[in-house]
Amino acid sequence: MSNPTHLRYTAEHEWIAVDGAGGDLAKVGVTAYAADALGDVVYVDLPGVGSGVTAGETCGELESTKSVSDLYAPVTGEVVEVNGAVDADPSLINSDPFGEGWLFVVKVTGTPELLDAAAYEALLEA
Amino acid sequence: MTTPSGTPRLTPLHHVHSALGASFTDFAGWQMPVRYGSETAEHRAVRTRAGLFDLTHMGEIELTGTGAGAALDHALVSRPSAIGVGRARYSMICAEDGGVIDDLVVYRLAEEHFLIVANASNVAVVAPELAVRAEGYDVQVRDASADWALLAVQGPASAAIVADLTDLDVPSLRYYAIDAGTLAGIDVLLARTGYTGEDGFEVYCRPADAAAAWAALSAAGEPHGLVPAGLACRDTLRLEAGMPLYGHELDRKTTPFEAGLGRVVVLDKPGGFVGDAALARRKEEGVQRTLVGIVSSGRRSPRAGYPVHDPATGAEVGVITSGAPSPSLEKPIAMAYVAPALAAPGTRLAVSLRGTLEDAEVVELPFYSRTR
């Protein structure tokens, strides 16, 4: 399983792509490992645009055929965009977790320490 | 979940599943394939074509001897002595208080030889309990689980797939029948049974032959669209078919009557049976809760343990036992125990989905029936 090296990761199996002119926008998704562990995702409950999220706290849910999992905010800030395509077709999370299956974008005000790909993979193997 | 020793058991097909890219889950002390790719795709393959399952975790208990039928009549709620040779029946073993210890399939392999299939999570309880209940009868009770691998081919194409491989006459093997023969040259017991709501077969063979049987079924199934199928889709398939799962719809605090399985209980057996007094009383007095099917209109699914409310009063009136998004119905389905007054199809209920009440409606079980 390959975790792109340009992304950052959390122990809750989320990825973060830092973007924006000042590097203050973070696109968030779940990793291929998480998508595989969940099974087929059938419903996503994402935070609304304009809502605040706090790093480490739940901000939504992912529901698969098997179970419901909390979605944790990997960074603190305000949600500025959510992926409408994944809301309409949650299977994008399974088919392309690092791409079309992204979840939302946060205008970041606070970032905890995140993992790089190597550290995340070390965590998976632990 | 892990075994007490912490080391999950592997089936003789473990390496096959690994090579197929399976995801595994610990289930009743076994490491079992939960899915190979998409469990929804596996589910649909079983409904429309065929799926191949490894069910080696299931427990097998064999009873042999002139008293085998009488011992089982005493030990179980049904009347296994009346099962014809080569036939199978669904049954249950209950405690003295009527609570279900396990649900079982009883096969009569010969006049004096029965094969009992128990849930993996319960066989360590059921086998010794059967031995105790068989005392005084001329019968040997043996936990033969380690002697048997179990594969299942389920789906509308399964008869054609199996017929290509076996010397047995598949069209004449009726639903809930079993026969001994060969499959791809391997000695097997071939049963027309399953847990998916589709036509299908269960293949009992020696563990050393399991990989060859799997390979033969895979190859024969390929032109029919057969895919390997894991426990995740097995659960949604049985839920759609309205079949109970021990630990969800059935447990020690539940009698067959709450679960809608009273038809399995034969109260007037001449010699009586373990639990008969409690079960007769429960039938006489009626149940306080009853198993129903529920569909909800939202996208989020009820799940086991979620409370069920009466929308008219807001009162909590029951609990979900199993729930999932149904791949066939394309909406959430669930089973629940509710007060009998709220069990009629069409009754409006509400399910508490992590704090939010979602509208739901009682429907007839099963959710899905195959067209025959």
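Preceding block: the structure.
Going along each chain's sequence as written, the residues are numbered from 1 onward. Both sets of labels track the order of writing: A upward for chains, 1 upward for ligands. The model is predicted, so local features are restricted to residues of pLDDT at least 70 and side-chain atom pairs to those at 80 or more, both for listing and for counting; the totals for chains, interfaces and linings are taken over all residues. In computing side-chain properties, one takes all heavy atoms of the structure into account and sets aside hydrogens as well as water.

Undergrad: Any chance you could explain the overall build of chain B here in plain terms?
TA: For chain B, the helix and strand inventory stands at eight helices and 20 strands. The size measure is the radius of gyration over C-alpha atoms, and the globule rule it meets is 2.2 Å times the number of residues to the 0.38 power. Radius of gyration (C-alpha) of chain B: 21 Å, near the 21 Å computed for a compact globule of 372 residues. By principal-axis analysis of the C-alpha atoms, chain B measures approximately 65 × 50 × 45 Å. Here chain B, with 372 residues, has 58% of them falling under the buried criterion. The contacts of chain B with a sequence gap of at least 6 include a subset with a gap of at least 24, amounting to 66%. For accessible areas, the Shrake-Rupley method is used with a probe of radius 1.4 Å. Any residue's cover is judged against the shown protein chains and nothing else. Here chain B displays about 14700 Å² of accessible surface, and carbon together with sulfur accounts for 52% of that area. Positive charges come from Lys and Arg alone, negative charges from Asp and Glu alone, with His and the N- and C-terminal ends not counted. By convention, charge coordinates are those of NZ in Lys, CZ in Arg, CG in Asp, or CD in Glu. Distance between charge centroids for chain B: 5 Å, based on 32 positive and 44 negative side chains. Here a strand is any run of E in DSSP of at least two residues, a helix any run of H or I of at least four, and the numbering for each starts at the N terminus. Each residue is assigned to one of three classes by its accessible area relative to the maximum for its type, calculated with a 1.4 Å probe on protein chains only: buried under 20%, partly exposed between the two thresholds, exposed over 50%. Every residue pair with non-hydrogen atoms within 4.5 Å of one another is taken to be in contact.

Undergrad: For this particular structure, what's the right way to read the sheet that holds strand E7 (residues 68–72) of chain A?
TA: Paired through their backbone hydrogen bonds, the strands of a sheet run either parallel or antiparallel. All names here are of chain A. Strands sit in the order E4-E6-E7 across an open sheet of three strands; the sheet is antiparallel. In the strand order of this sheet, the two ends are held by strand E4 (41–45) and E7, each with one partner. The sheet shows a mean angle of 25 degrees between the axes of neighbouring strands, direction not considered. One bridge is not enough; two strands pair if DSSP finds at least two bridges between them. Sheet topology places E4 next to strand E6 (residues 58–64); four bridges connect them, and they run antiparallel. Each residue of the ladder has a partner; that of Val44, found in E6, is Leu62. Whenever a helix is involved, its axis is fitted only over the stretch in contact; in every case the axis is a line through C-alpha atoms, and angles between N-to-C directions fall within 0 to 180 degrees.

Undergrad: Just checking my understanding: could you explain the packing of aromatic side chains for this structure?
TA: Two aromatic rings are characterised by how far apart their centres lie and by the angle between their planes. All names here are of chain B. Between 30 and 60 degrees the pair is tilted, below 30 it is stacked and above 60 it is edge-to-face, where a pair is any two Phe, Tyr or Trp rings, Trp via its six-membered ring, whose centres lie within 6.5 Å. Evaluation of the coordinates by the stated rule reveals five aromatic pairs over all chains. Between the aromatic rings of Tyr107 and Tyr204, the centroid separation amounts to 5.7 Å while the plane-to-plane angle is 80 degrees, which identifies the pairing as edge-to-face. Here the residue Tyr107 occupies a position in strand E7 (residues 100–110), and Tyr204 occupies one in strand E13 (residues 200–205), the gap between them amounting to 97 residues. Here Tyr107 matches Tyr204 in class, with each residue buried. On the basis of an interplanar angle of 90 degrees and a centroid distance of 6.2 Å, the ring pair of Trp148 and Tyr204 is categorised as edge-to-face. Taken together, the residues Trp148 in the loop between strand E9 (140–143) and strand E10 (149–154) and Tyr204 in strand E13 connect sequence positions 56 residues apart. Exposure remark for Trp148: the relative accessible area of 7% places this residue in the buried category.

Remember, this is a structural readout, not a statement about activity or role.
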